[in-house]
Each structure stands twice: as structure tokens, then as C-alpha cells.
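Spelled out, the chains give:
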Amino acid sequence: MNIGKSRSLYKKALKLMPGGVNSPVRAFKSVGGEPLFIKKGAGPHIFDEDDNEFIDYCMSWGPLILGHADDDVVLAVIDAARSGTSFGAPNRYEVELAEMVIQRFPSIDVVRFVNSGTEAAMSAIRLARGFTGKKKIIKFDGCYHGHADSLLVAGGSGIATFGIPDSAGVNPDNVKDTLVVPFNDSDRLEQVLISEGADIAAVIMEPVPCNYGLILPEKGFLKKTRVLCDRYGVLLVFDEVITGFRLAAGGAQEYFGISSDITILGKIIGGGLPVGAYGASRDIMKKIAPDGPVYQAGTLSGNPLAMSAGIATLKKIEETNVYKVLSEKSLKLKTLLGPIIEMYRGEVLLQQIESIFAVFFTNSKTITRLKSVKECDMKLFSEYHSEMLDSGIYLSPSGFEVGFLSSVHTDEDLEKTAVALSGAMAKILG
Ligand SMILES: *Cc1c(COP(=O)(O)O)cnc(C)c1O
């Protein structure tokens, strides 16, 4: 594969931006090789600067549920842009998107738009603290909630209860009130709630963790978490930045039939433009300025471009019955890839929930703990990643990330992916 143009851009970028990128995983550090510079996307495909074509399963890390450059989304953005990109004053698109979100999430009466998932999560935590008057929060290991200081703790070290920051530059004082519990461990959660419950404002979680590979919630775990939060008087915050509008229109809360007190949204809600949101009951959201004392603001929040992309995306999801389409495609993916993976049983695992999937090099039969992800062979993942790339399949460049199907991946795309997978596995494990 000729990557000359990407290579020279990367060389230049390395001098201009940290690691040559504006978000770390893009640098291909964990899979080796060099990042490709993408020139164009069309439906399920992307093209790099050297005109190599790929079937894309990164999909901008989740937002592009309708594929790249969907006609209706693009038209909506152009249309809005013609009338001005931002006013710093209310506009009708905010009202329209807010209505759509509230209609889809029964647990949300009132929503506030921001510009990223990070911002939404950070604000949701501030809101939880402001509403309850308590200062501690519980997060689960392996869950990612953006890069706000108090959430940059994974506490993978097993016994870790009091957080240690994952990043230099985080004041340890900012994470000392973040308690970390292993995902899928209700007993541990209850112990912490018993001992610290009086000081805990919220439990925050990805209902399905999609940022450490794909970790599945064990049966009953989400429900138990809801019950425990109610029992100990703690708010439950679902970070649905990935699962919202992905597992169902109403996110994981609809999919699993469990509602949260505060919901964090991002990715799909912006249809490929920068949007995040957080919402809750009227009672809780009353605390947000200007109605209440919890301050949170944004110059470009709710701008017409981002709102229009979100509106067009959510409209089209509904009009084209996207969850049914995705469900069929997800089944097709499983049917095509499953048997190939099965040939190497004990060495590799395909884990999937609807249109989200991950390939792990492990002898585990299923992955429900962070510990099991850490035991996976990431060197094999790198080899797999580069074999797939060579065969025209663009996967997220890390074994700690997931793949996404869009509503426009075709049977032919999936068949090509299966052929590539078969070749890659034979080469690596054969
Ligand atoms: C992507 C992501 C975030 C952060 O969103 P950004 O828009 O990248 O700031 C937060 N939570 C989850 C679950 C995510 O997947």
C-alpha cells in the first residue's frame, strides 16, 4: 500500500502538534505503523490522501451511525451554515433537538447542550454534587468519561478504592473523592456504598463499557446498581455517549429497561459535529444556571450547525428504521465473522452487542471484567490490525477500542471483511 502522502503529512504534523495528532489514539501508537490522513468519507468507506480505500469500522469512534457524509445531514449543515454558524443567542434548532432528545429518553425532562462528551460528563458530575450537596463519586474501572480531572481515574489495580490519577498534571486532590469499583461487582459496590454512602453524590457508569474493548454487563448488574443507588440515596449517572441512540433510540436505558437519574450524551447526538448533552428530571436540572446555582456555560453550545446535524441524524434514524436495519447487519456480521473466529477458539474472541463489536486475543469465552481485557494479547491485536488495514479494513487503532457498524455498511462490505479476517487469522494464528 502506498502511503507516501500520509507519511509526509505525518512528518510535518509531528513538528506541529503533539504526536502529530489532536487526540492521542489516532497516532497508531498502540498498533504500530503510521496514521493515515483521511481525505474523504462516503457511506461506510474512507479514502486516505493516497487514495487508498477502506471499509471503515471506526466511524469517527461512533457518531456516524448513518455513515460518512450522509446526504441529509450534509444538506442540513449547509442549509444552517448559510444563515450563520453561531449567534451566542438562542436559536430554533436548539428547541427542536431538545424536544427530540426528551421524547426519546423518558428519564430526561430537561436537557443542556454542550460541545463534547467530556464537557457533558464533567458538568453532570458538577450537577450531581450541586444537587445532593455531597462530594464523592463512584466510577467503575475501565469506564471512560472523557478527560475531566475528577474522572481520569481507572483504578485498575484491583484493590484501588481511592483513585490515583491516570494522567500527569491532575492534582491528586481532584481525584481523591473519586472512588473506583470493579465493573460487574455489585458486592464491592454495596460495600463502598455502605461505608461511604453518606458522602456519595453519584455512581457514574457506561452501562456497556465501550472504551476498554467491549465489556458486557452481566445479567442483573445494571438493575442491581439501580437498586443499590436507590437504597443508599445516590444518583445514578449513565454515560450514554456511545450507547445513546446506538443500542436503541433511548439508549441503554431503553435497551435494558433501566433508567438513570442523570444522562450524558454525545457522539451520535451531533451527527458528526461536536455536540454533547446532559439531561435529567426537571427537579435535578433546576439546579443548573440560570435557574439554579450550578454554573455551566458555552460560547458555541447549541450552535445551529451542530444542532442541525443532530436533528437530521435523529430524524433519519427514525424515518429509515435504523435500529432494525442495524440489527440485521449486526446479525450478518456475527454470522460471517463468528465461524472464522470459532476456528481459533481459545485464542480469539468476537464480543458484540448489536452494532458494537470487539475482537480480543484471549482464551476467555466472554469479557466482563477489566482484568480480562488486560490479559488479552495486544501484540497479536497489532498484527491483526495491520493485516486488516492491508486488506482494506480500517479498524480503530487500538485493542482497547471497539468497532461500529453503520446503517450503510453493505453485505458486500461485510463479506469482504470476513475474507480479510480469514486471511489475517490464518497468517497470525494459523
Ligand atoms: C467518547 C466518550 C466520551 C468523551 O466524549 P468526547 O466528545 O470525546 O469528549 C465520554 N464518555 C464516553 C462513554 C465516550 O465514549
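What counts as what
Residues numbered from 1 in each chain as written. Predicted model: local features only at pLDDT ≥ 70, side-chain atom pairs only at ≥ 80, totals over all residues. Heavy atoms only, no water. Near = heavy atom within 4 Å. Polar contact = N/O pair within 3.5 Å; in protein donor to acceptor, adjacent residues only side chain to side chain. Areas by Shrake-Rupley, 256 points an atom, 1.4 Å probe, with all protein chains shown as cover. Nonpolar A, V, L, I, M, F, W, Y, C, P; charged D, E, K, R; others polar. Pairing = 2+ DSSP bridges. Helix = DSSP H or I, 4+ residues; strand = E, 2+ residues; numbered from the N terminus. Domains from an automatic or database assignment. Contact = heavy atoms within 4.5 Å. Buried area = accessible area lost by both parts, 1.4 Å probe. Patch = residues over 30% accessible without salt bridge, like charges linked within 9 Å, V, L, I, M, F, W, Y side chains within 5 Å. Salt bridge = Lys/Arg side-chain N within 4 Å of Asp/Glu carboxyl O. Expected span 1.5 Å × (residues − 1). Disulfide = S-S within 2.5 Å. Buried < 20%, exposed > 50% of the residue type's maximum accessible area, 1.4 Å probe, protein only. Phe/Tyr/Trp six-rings, centres within 6.5 Å; stacked < 30°, edge-to-face > 60°. Lys NZ or Arg CZ within 6 Å of the ring centre and 35° of its normal.

A separate point is the site of the ligand. Around the ligand, the surrounding shell consists of S116, G117, T118, Y144, H145, G146, E206, N211, D239, V241, I242 and K267. One of the side-chain nitrogen or oxygen atoms of N211 is found 3.0 Å away from an oxygen atom of the ligand. One of the side-chain nitrogen or oxygen atoms of D239 is found 2.7 Å away from a nitrogen atom of the ligand. Within the complex, the protein chains bury 83% of what would otherwise be the 380 Å² of accessible surface of the ligand. Here the shell around the ligand is built from residues that sort into three nonpolar, six polar and three charged.

Across a sheet, strands are paired by hydrogen bonds formed along the backbone, either parallel or antiparallel in direction. Strand order in the open sheet formed by four strands is β1-β2-β3-β13, and the pairing between neighbours is mixed. Two strands in the sheet have a free side with no partner beyond their single neighbour: β1 (38-42) and β13 (393-394).

Assigned domains within the protein: domain 1 (4-69 + 321-429) and domain 2 (71-318). Summarising the inter-unit geometry, the C-alpha centres of domain 1 and domain 2 are found 25 Å apart. Contacts between domain 1 and domain 2 engage 32 residues on the former and 34 residues on the latter. With both chains or domains summed, domain 1 and domain 2 bury close to 2,800 Å², and 64% of this area falls on carbon and sulfur atoms. In terms of surface lost to domain 2, no three residues of domain 1 exceed Y323, I353 and L370, which account for 23% of the buried area on that side.

On to a nonpolar patch on the surface. Together, V74, L75 and I78 make up an exposed nonpolar region whose accessible area comes to about 240 Å². On the secondary structure map, I78 appears in helix α2 (residues 71-82).

A few words now on helix α10 (residues 304-319). Taking 1.5 Å as the rise per residue, α10 with 16 residues should run 22 Å; its terminal C-alpha atoms sit 22 Å apart, in good agreement. Capping the start of α10 is the job of one residue whose side-chain oxygen sits 3.1 Å from the backbone nitrogen of L305: N303. Note on α10: the residue one or two positions beyond its end, N321, has a positive phi of about 55°.

Another aspect to go through is the state of the cysteines. By the definition in use, this model includes zero disulfides. No disulfide involves C58; its sulfur sits 13 Å from the nearest other cysteine sulfur, which is in C210. Residue classification places C58 among the buried residues on the basis of a relative accessible area of 6%.

With respect to the helices, strands and loops of the structure, R92 is situated in helix α3 (residues 92-104). On the accessibility criterion, R92 (58% relative accessible area) is exposed. Considered as a pair, R92 and N171 are 79 residues apart in the sequence and their alpha carbons are 40 Å apart.

A few words now on the side chain of S407. Among the secondary structure elements, S407 is positioned in the loop between β14 (403-404) and α14 (411-429). Sequence-distant contacts of S407, defined by excluding residues within four places in its chain, comprise I65, L66, V322, V325, L326 and K329.

How two aromatic rings sit relative to each other is set out by the distance from centre to centre and by the angle between their planes. Under the defined criterion, the tally for this structure stands at eleven aromatic pairs. Ring geometry for F140 versus F183: centroids 5.7 Å apart, planes at 80°, classification edge-to-face. One end of the pair, F140, is in strand β5 (residues 136-140); the other, F183, is in the loop between β6 (178-181) and α6 (186-196), with 43 residues separating them in the sequence. Neither residue differs from the other here; F140 and F183 are each classed as buried. Here the aromatic rings of F183 and F221 are separated by 4.9 Å at their centres, their planes lie at 65°, and the arrangement is edge-to-face. Of this pair, F183 sits in the loop between β6 and α6 while F221 is found in helix α7 (residues 221-231), placing the two residues 38 residues apart along the sequence. The exposure classification of F183 matches that of F221, with both residues buried. Taking NZ or CZ as reference, K40 lies 5.8 Å from the ring centre of F47, over its face. Here the basic side chain of R92 rests over the ring of Y93, its NZ or CZ set 4.7 Å away from the ring centre.

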